[in-house]
Number of protein chains: 2
Amino acid sequence: MVATDKFKKTPETATFNLSAYLKERQQLCETALDQAIPIVYPEKIYEAMRYSLLAGGKRVRPILCLATCEMTGGTIEMAMPTACALEMIHTMSLIHDDLPAMDNDDYRRGKLTNHKVYGEDIAILAGDGLLAYAFEFVATQTPQNVPRDRVLQVVARLGRALGAAGLVGGQVVDLECEGKLDTSLETLNFIHNHKTAALLEACVVCGGILTGVSPEDLQRLTRYAQNIGLAFQIVDDILDITATQEQLGKTAGKDLKAQKVTYPSLWGIEESRSKAQQLVEAACAELEPFGELAQPLKAIAHFITSRNH
Amino acid sequence: MVATDKFKKTPETATFNLSAYLKERQQLCETALDQAIPIVYPEKIYEAMRYSLLAGGKRVRPILCLATCEMTGGTIEMAMPTACALEMIHTMSLIHDDLPAMDNDDYRRGKLTNHKVYGEDIAILAGDGLLAYAFEFVATQTPQNVPRDRVLQVVARLGRALGAAGLVGGQVVDLECEGKLDTSLETLNFIHNHKTAALLEACVVCGGILTGVSPEDLQRLTRYAQNIGLAFQIVDDILDITATQEQLGKTAGKDLKAQKVTYPSLWGIEESRSKAQQLVEAACAELEPFGELAQPLKAIAHFITSRNH
C-alpha cells in the first residue's frame, strides 16, 4: 500500500501525500466495516461474512466513494454507509466468484477463500447475507442530512452495478468465454465493463449522488470512473502475468491457466501499459472543473496504473 | 389454487370469494413479474432468472403485500414494485437453497430446479441477480406518490428479512440441525421464524409502511404476520408427510429423509393442525380494528391452514 517512485514524480500531485491519504482512509473504512457487522447468533454466518469482509483489501472502492463525496462538497460521514455497502457488495462478488462452481479458487487476499474455511453452503449464504446487509445498511445508516431521494438513488445504483446489468452479467459472459481463445475485444470489453468497471463507477457516482451534483458533473464522474475502471482491469491482467502469487495475495497466472483472453494477450504487455496510462490521463482530465479538490481522485487514478500488486 | 370446502364454510368470510380474489391478484402479479425482467444480452442469465421467477408459485407473498397496502388505504400500484421484489427475494432464496451444496433438490414447483437446467454457476448468479434487482426495482419503480422515506424503510425491511437476521440466518441453523434428532423446539422456532416467517412478515409490514400506518397498526400487522408465518410452516411440515410429490410440485418426504425435526415430529399431526388453527385465529383477531377491509387478509390466513398443496 505504498505509492511507487514513478507516482511520486508526477508533478501535479507533488504536494499531495497519497500514501498517507490512503492509509488514513483505509483505517477509517476498516473501523467502519468492523463495527458494521457484530457477531450474534447464529455466530457462524456472521463470522463467515466478517472473515472475507475484513480480510484486508486495499479498500479502493469505499475510498473512491468517500473521496468523490468530499470532492463534491459532502462529508465522510454522509458517504461512509454507502462506502461500506460497496465493499460488502465487492466482497460478496469475490466469495461467490471463488466457489468451486465458478472460478474454483483456494486463495484470495493471501488467505484461504471463504468456502475453503466455512464450506460451500455457508460461503453462498455469507455472500447472500453481505448483499442483503449492504442495502439495509445504506437505507438505515445514511445520516438524515442526506435527502431520502438521494439515498434511494444510491440503492438503485448499487442494485444495477451488482445485478445482471452489472457484475452478475459480466461474470456470466466471463464464464462463457473460458477456454475460448477467439474471444473478441468487444466481448472482453463487455466482461470488464460489467465485472469491474460497473462497481467502480457506482463507487464514484454514488459519492456524487449523495451530495446532489448536477447531471453534467455526474456525467464527468461517470467518464472518470469508466476510464479508471478499464485501466484497473488492464493493470490487473498485466499483474496476473508479471507478478508473483506472494505479491498478489491470490493465485497468479490463473488467466493463462484458464485460457482466458486478456488485454495483454491481445495487445502485448507494453501496449497494454500504454493504454492504461492514456485512460488514466483521460480520467483526470474529466476532473479539471473540480480544481484543487480533485487531487485525491487524480492521485488514486495514477496509483491504479502504478501499483504492483 | 382453489379454496377448500372447509374454508368456504367459515361464516365470517361467507360473502367473500377468496378463490376469485386470489386468482385475480395472482394474474396481476404474473403480469408484473413477467414485465419486470425483459431478456437482453447476456440472455442466459435473464432466462435463468425468469425460469424460476415465472415458475408459477401461488404468489402468496406479493398478494399479502398488495392486500395489506389496500387494507391500510393504499393502492395496488403503490405496492406492486415491492410485491414483485418480495417474490424475487423468495425465488432467489429457493434457487440457492436447492443447490447441491445446500438442500440438493432436483424439483421445485413441479419443474427441474434452476441448477439442474442452467448449471450451478448460473443458478448462483441468477439468485444474486434477482436479489440485486429486487432492491433496484423497489427503488426505481415505486410511484412518486409514495414518500421516499417510506420506500427507504421498505428497502431496509427487505434487506433485514433476507439477510443473516432473516432468511440467511434461518437457513444456516437449518443446515446445522440436519441429521440432529435432538433439535429443541426453541431452535426449530428460530429456524422457521427466520426462514419462513421473516419474509412473510416483511410482505405484510412493507404493505403498511408504504401507506404510512401508525406504529400501533404496524405492531398489529407484525403480529398477524408472525402468526400466519408460523402456521404456514406447520402446515408445510404436515404436507411434507401427508401429501404426494404430485400435489406439492416438489420432492415430498424430504424432511424425514434429511432427518429433520419438524412440528409434526414433536407434536404429532393432529396437535400440529390444532396449533396452526389457533395461530390463524390469533392472527385474524389482530385485524379487528380494520373492519370490513380486513376480509382478504383474514381469508388468506384461513386459506393457509386449509391448503392441501
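The structure presented is a predicted model; accordingly, all values stated were derived computationally and were not measured.

(A) Just the overall build of chain A, in detail. Each helix and strand in chain A was counted, giving 16 helices and two strands. Over its C-alpha atoms chain A spans a radius of gyration of 18 Å, differing by no more than 12% from the 19 Å that the globule rule assigns to 309 residues. The proportion of buried residues among the 309 residues of chain A is 62%. Within chain A, contacts between residues at least 6 apart in sequence are counted, and of these 73% link residues at least 24 apart. Taking the average location of the 30 positive side-chain charges in chain A and that of its 39 negative ones, the two points are 2 Å from each other.

(B) Broad picture of the nonpolar core. Formed by 206 residues in total, the largest nonpolar core has its most connected members in A:Tyr224, A:Ile300, B:Tyr224 and B:Ile300. Ignoring any residue separated from it by four or fewer positions in sequence, one finds A:Tyr224 in contact with A:Leu64, A:Val204, A:Ala283, A:Cys284, A:Glu286, A:Leu287, A:Leu297, A:Ile300 and A:Ala301.

(C) Fine view of unusual backbone geometry. Residue and element names in this part refer to chain A. The peptide bond linking Tyr 41 to Pro 42 adopts the cis configuration, its omega dihedral lying at -5°. Tracing the backbone through its elements, the reader meets Pro 42 in the loop between helix H2 (18-36) and helix H3 (43-53). In this model, Arg 59 sits at a positive phi of 60°, which is unusual for a non-glycine residue. Structurally, the position occupied by Arg 59 is in the loop between H3 and helix H4 (60-71). Take Arg 59: its relative accessible area is 1%, and that puts it in the buried class.

(D) Examining the interface of chain A and chain B more closely. Counting residues at the interface gives 45 residues for chain A and 45 residues for chain B. Both sides together, the interface formed by chain A and chain B hides about 3,700 Å², and carbon and sulfur atoms give 79% of it. By the criterion of area lost to chain B, the three top residues of chain A are A:Tyr41, A:Leu125 and A:Leu152, representing 15% of everything that side buries. Summed over the shared surface of chain A and chain B, the number is two salt bridges. Across the pair A:Glu176 and B:Lys44 runs a salt bridge, and its minimum N-O distance is 4.0 Å. There are six residue pairs in polar contact (both at pLDDT 80 or more) connecting chain A and chain B. When residues of the side of chain A that touches chain B are assigned to their parent elements, the largest contribution, 13 residues, is made by helix H7 (residues 120-141) of chain A. Considering only residue class, the side of chain A that touches chain B consists of 28 nonpolar, eight polar and nine charged.

(E) Examining the relation of the copies chain A and chain B more closely. Screw-axis analysis of chain A against chain B gives a translation of 0.0 Å along the axis, an RMSD of 0.0 Å, and a rotation angle of 180°. When the rotation and shift are considered jointly, the pair of chain copies conforms to a two-fold rotation axis.

(F) Up close: the packing of helix H4 (residues 60-71) of chain B against helix H10 (residues 185-211) of chain B. Residue and element names in this part refer to chain B. In contact at an axis separation of 7 Å, H4 and H10 are set at 30° when each is read in the N-to-C sense. In this view, H4 runs roughly parallel relative to H10, as classed from their interaxial angle. Considering how the two elements wind past one another, H4 and H10 form a crossing that is right-handed. Of H10, the residues touching H4 (which contributes Val 60, Arg 61, Leu 64, Cys 65, Thr 68 and Cys 69) are Leu 199, Leu 200, Cys 203, Val 204, Gly 207, Gly 208 and Thr 211. Of the residues that constitute the contact of H4 with H10, the class distribution is eight nonpolar, four polar and one charged.

(G) The side chain of B:Asp174, seen in detail. Residues and elements named next belong to chain B. Summarising the element assignment, Asp 174 is placed in helix H9 (residues 167-177). A polar contact is formed between the side chain of Asp 174 and the side chain of Lys 195, at a distance of 2.9 Å. Other than its neighbours up to four places away in sequence, Asp 174 contacts Ile 191, Lys 195 and Lys 260.

(H) View of the packing of aromatic side chains. Residues and elements named next belong to chain A. For the structure shown, the criterion picks out eleven aromatic pairs over all chains. Judged by centre distance (5.0 Å) and plane angle (35°), the ring pair of Tyr 263 and Trp 267 falls under tilted. Separated by four residues within a single helix, Tyr 263 and Trp 267 lie in helix H14 (residues 263-267), roughly one turn from each other. When its relative accessible area of 25% is taken as the criterion, Trp 267 is described as partly exposed.

(I) Highlighting the environment of A:Thr140. Along the polypeptide, A:Thr140 turns up in helix H7. C-alpha separation for the pair A:Thr140 and A:Leu54, spaced 86 residues apart in sequence, amounts to 21 Å.

(J) Expanded view of the environment of A:Met92. Within the fold, A:Met92 resides in helix H5 (residues 76-97). Taking the C-alpha atoms as reference points, A:Met92 and A:Ile124, 32 residues apart in sequence, are found 8.9 Å from one another. Dropping the residues within four chain positions of it, A:Met92 is found in contact with A:Gly127, A:Leu130, A:Leu131, A:Leu162 and B:Asp128.

(K) Here's a closer look at the confidence of the model for chain A. Residues and elements named next belong to chain A. Of the residues in chain A, 91% have a pLDDT of 70 or more, and the chain-wide mean is 91. Across residues 1-13, confidence stays below pLDDT 50; counting only partners more than four residues off in sequence or on other chains, it has 23 contacts. Taken together, the chains of this predicted complex give a pTM of 0.91 and an interface ipTM of 0.90.

(L) Region of the structure containing the pattern of salt bridges. All names here are of chain A. Summed over the entire model, instances satisfying the criterion amount to 28 salt bridges over all chains. Salt-bridge contacts for Lys 195 lead to Asp 97; the nearest nitrogen and oxygen are separated by 3.7 Å. Of the two residues, Lys 195 sits in helix H10 (residues 185-211) while Asp 97 sits in helix H5, which places them 98 residues apart along the sequence. Here Lys 195 matches Asp 97 in class, with each residue buried. Here Glu 201 makes a salt bridge to Arg 157, at a shortest N to O gap of 3.1 Å. One end of the pair, Glu 201, is in helix H10; the other, Arg 157, is in helix H8 (residues 148-162), and 44 residues separate them in sequence. Overlapping salt bridges bring together Glu 30, Arg 59 and Glu 87 as one network.

(M) Representation of helix H16 (residues 295-306) of chain B in the model. All names here are of chain B. Taking 1.5 Å of rise per residue, twelve residues should cover 16 Å, and H16 covers 17 Å from first to last C-alpha, within 8% of that figure. A large share of H16 lies buried, amounting to twelve of its twelve residues. By the burial criterion, the buried members of H16 are Gln 295, Pro 296, Leu 297, Lys 298, Ala 299, Ile 300, Ala 301, His 302, Phe 303, Ile 304, Thr 305 and Ser 306.

(N) Inspection of the packing of helix H15 (residues 269-286) of chain A against helix H16 (residues 295-306) of chain A at higher detail. Residue and element names in this part refer to chain A. Packing of H15 against H16 brings their axes to within 9 Å, and their N-to-C directions diverge by 175°. By the angle between their directions, the pair H15 and H16 is classed as roughly antiparallel. Listed contacts from H16 to Ala 276, Gln 277, Val 280 and Cys 284 of H15 are Lys 298, Ala 301, His 302 and Thr 305.

(O) Broad picture of the side chain of A:His90. All names here are of chain A. Here His 90 lies in helix H5. A relative accessible area of 11% places His 90 in the buried class. Those residues in contact with His 90 that lie beyond four places of it in its chain are Arg 61, Arg 109 and Leu 199.

Criteria and cut-off values
- Residues numbered from 1 in each chain as written.
- Chains lettered and ligands numbered in written order.
- Predicted model: local features only at pLDDT ≥ 70, side-chain atom pairs only at ≥ 80, totals over all residues.
- Heavy atoms only, no water.
- Helix = DSSP H or I, 4+ residues; strand = E, 2+ residues; numbered from the N terminus.
- Rg over C-alpha atoms; globule rule 2.2 N^0.38 Å.
- Buried < 20%, exposed > 50% of the residue type's maximum accessible area, 1.4 Å probe, protein only.
- Contact = heavy atoms within 4.5 Å.
- Lys, Arg positive; Asp, Glu negative; His and termini not counted.
- Charge placed at Lys NZ, Arg CZ, Asp CG, Glu CD.
- Core = buried A, V, L, I, M, F, W, Y, C linked by side-chain atoms within 4.5 Å.
- Buried area = accessible area lost by both parts, 1.4 Å probe.
- Salt bridge = Lys/Arg side-chain N within 4 Å of Asp/Glu carboxyl O.
- Polar contact = N/O pair within 3.5 Å; in protein donor to acceptor, adjacent residues only side chain to side chain.
- Nonpolar A, V, L, I, M, F, W, Y, C, P; charged D, E, K, R; others polar.
- Least-squares fit on C-alpha atoms with pLDDT ≥ 70 in both.
- Axes fitted to C-alpha atoms, helices over the stretch in contact; angles between N-to-C directions.
- Parallel < 35°, antiparallel > 145°, perpendicular 65-115°, else oblique.
- Left-handed = near helix turned anticlockwise from the far one by under 90°.
- Phe/Tyr/Trp six-rings, centres within 6.5 Å; stacked < 30°, edge-to-face > 60°.
- pLDDT = per-residue confidence, 0-100.
- Expected span 1.5 Å × (residues − 1).

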